[in-house]
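Read off the chains here:
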Amino acid sequence: MSEIKICRECRENTEETYIDSCFPLFLYANWKKNLLSKWKIQGDLILTSLFADCIAKVIQAKGWENIPIVPVPPRPFKFYTVGYDQIDSLANALHFTYRFKICKVLKRISQTEQKTLSLKERIENTQKGYVLKKRLNSNSAILIDDIITTGATTRACAKLLKDSGVKTVYCISLFSAS
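Cut-offs applied
- Residues numbered from 1 in each chain as written.
- Predicted model: local features only at pLDDT ≥ 70, side-chain atom pairs only at ≥ 80, totals over all residues.
- Heavy atoms only, no water.
- Pairing = 2+ DSSP bridges.
- Helix = DSSP H or I, 4+ residues; strand = E, 2+ residues; numbered from the N terminus.
- Axes fitted to C-alpha atoms, helices over the stretch in contact; angles between N-to-C directions.
- Contact = heavy atoms within 4.5 Å.
- Left-handed = near helix turned anticlockwise from the far one by under 90°.
- Nonpolar A, V, L, I, M, F, W, Y, C, P; charged D, E, K, R; others polar.
- Core = buried A, V, L, I, M, F, W, Y, C linked by side-chain atoms within 4.5 Å.
- Buried < 20%, exposed > 50% of the residue type's maximum accessible area, 1.4 Å probe, protein only.
- Expected span 1.5 Å × (residues − 1).
- Arc of directions from axis to C-beta.
- Patch = residues over 30% accessible without salt bridge, like charges linked within 9 Å, V, L, I, M, F, W, Y side chains within 5 Å.
- Areas by Shrake-Rupley, 256 points an atom, 1.4 Å probe, with all protein chains shown as cover.
- Salt bridge = Lys/Arg side-chain N within 4 Å of Asp/Glu carboxyl O.
- Lys, Arg positive; Asp, Glu negative; His and termini not counted.
- Charge placed at Lys NZ, Arg CZ, Asp CG, Glu CD.
- Polar contact = N/O pair within 3.5 Å; in protein donor to acceptor, adjacent residues only side chain to side chain.
- Right-handed = clockwise from strand over helix to strand, strands pointing away.

Side note on the sheet that holds strand β1 (residues 21–27)
Then, in step 1: One open sheet holds the four strands; their spatial order is β1-β6-β5-β2, and the pairing between them is parallel. At either margin of the open sheet sits one strand with a lone partner, and together these are β1 and β2 (69–71). Each strand axis lies, on average, 20° off the axis of its neighbour in the sheet, ignoring direction.
Then, in step 2: Relative to strand β5 (residues 140–148), β2 runs parallel, the two sharing three bridges. Counted as the bridge partner of Val70 is Leu143 from β5.
Then, in step 3: Across the face of the sheet, helix α3 (residues 46–62) comes into contact with β1, β2, β5 and β6 (168–176) while running at roughly 145° to β6.
Then, in step 4: Of the strands in this sheet, β2, β5 and β6 touch helix α5 (residues 86–98), which is tilted by about 135° from β5.

Take a look at the structure:
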């Protein structure tokens, strides 16, 4: 199911993470870096089905089939510069293939790419980089994202969900940097 079981952020962080459990599927290392690049940068969309299947297996194994999935939103205008949003295509595959409920309730307002920032800058950028478009009417939610490096993005998104009344936030990422 997952080669990591739980992310470093959840294992080691003593600060409030707002994420109740985080399940990265793969360690972002070796040939898996190329796999993510083929999907995310080069647009090899055939990998979307593979990744959706991996996430669906976690959801089914945990019994979370009825919990809404909240995709981490892309930078504004990403679609126009890259041609597609990989997380949106993943969410669509999870919905149309597995019939999971997708709730696009978050919006990213920051244009800055997280990968270009230091840890401190990432945290500052994400604290003001996302907004809640509408309230999620659920006690639980599953955030999905492609990669967790510092956890700043998922932490900021989970905080918005919890501040709006969601009691339990799970996170499933395809990759984790540690």
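Read on, since the account is not over.
Considering the packing of α3 against α5
Then, in step 1: Orientation of α3 relative to α5, taken along the N-to-C sense of each, is 65°, at an axis distance of 9 Å. Viewed along their axes, α3 and α5 form a crossing whose handedness is right-handed. Taken together, the residues of α5 that come into contact with α3 (itself represented by Thr48, Phe51, Ala52, Asp53, Ile55, Ala56 and Gln60) are Ser89, Leu90, Ala93, Leu94 and Tyr98.
Then, in step 2: In terms of residue class, the contact of α3 with α5 is made up of eight nonpolar, three polar and one charged.

Let's talk about the nonpolar core
Then, in step 1: Ranked by size, the top nonpolar core spans 30 residues in total, and within it Trp39, Leu90, Leu94, Ile142, Ile144 and Ile172 carry the most contacts.
Then, in step 2: When contributions to this core are tallied by element, the ones reaching two or more residues are β1, α2 (31–40), α3, α5, β5 and β6.
Then, in step 3: In this view, Ile144 contacts Ile69, Val70, Pro71, Val72, Ile87, Leu90, Ala91, Leu94 and Ile172; residues no more than four positions away in its chain are not counted.
Then, in step 4: In terms of nonpolar packing, the next biggest core, distinct from the first, is built from 19 residues, Ala141, Ala156, Ala158 and Val166 among them.

Some remarks on α5
Then, in step 1: The terminal C-alpha atoms of α5 lie 17 Å apart, and with 13 residues this matches the ideal 18 Å at 1.5 Å per residue to within 8%.
Then, in step 2: Inspection of α5 places Gln86, Ile87, Leu90, Ala91, Ala93 and Leu94 among the buried residues, and these make up the whole buried set. Within α5, the buried residues cover an arc of 160° as seen down the axis, which keeps them to one side.

Examining a positive patch on the surface
Then, in step 1: Taken together, the side chains of Lys101, Lys107, Lys133 and Lys134 make up a positively charged region of the molecular surface.
Then, in step 2: Note on placement: Lys134 falls in the loop between β4 (130–132) and β5.
Then, in step 3: With relative accessibility at 55%, the residue Lys134 sits in the exposed group.

So, the side chain of Ser138
Then, in step 1: Locating Ser138 in the fold gives a position in the loop between β4 and β5.
Then, in step 2: Separated by 2.7 Å, the side chain of Ser138 and the backbone oxygen of Ser140 make a polar contact.
Then, in step 3: In contact with Ser138, other than residues within four places in its own chain, are Pro68, Gly165 and Val166.

Considerations on the side chain of Thr48
Then, in step 1: In this structure, Thr48 sits in helix α3.
Then, in step 2: Residues contacting Thr48, with those up to four places away along its chain left out, are Trp39, Ser89, Leu90 and Ala93.

Side note on the pairing of β6
Then, in step 1: Counting buried residues along β6, eight of its nine residues qualify, which places the element largely inside the surrounding structure.
Then, in step 2: By the bridge criterion, six bridges tie β1 to β6 in an arrangement that is parallel. Paired with Cys22 across the two strands is Cys171, which belongs to β6.
Then, in step 3: Where β5 lies against β6, eight bridges are found, and the strand directions are parallel. The partner of Ile144 across the bridge, within β6, is Ile172.
Then, in step 4: In this fold, the crossover linking β5 to β6 by way of helix α7 (residues 152–163) has right-handed handedness.

This is a description of form; function is not addressed.
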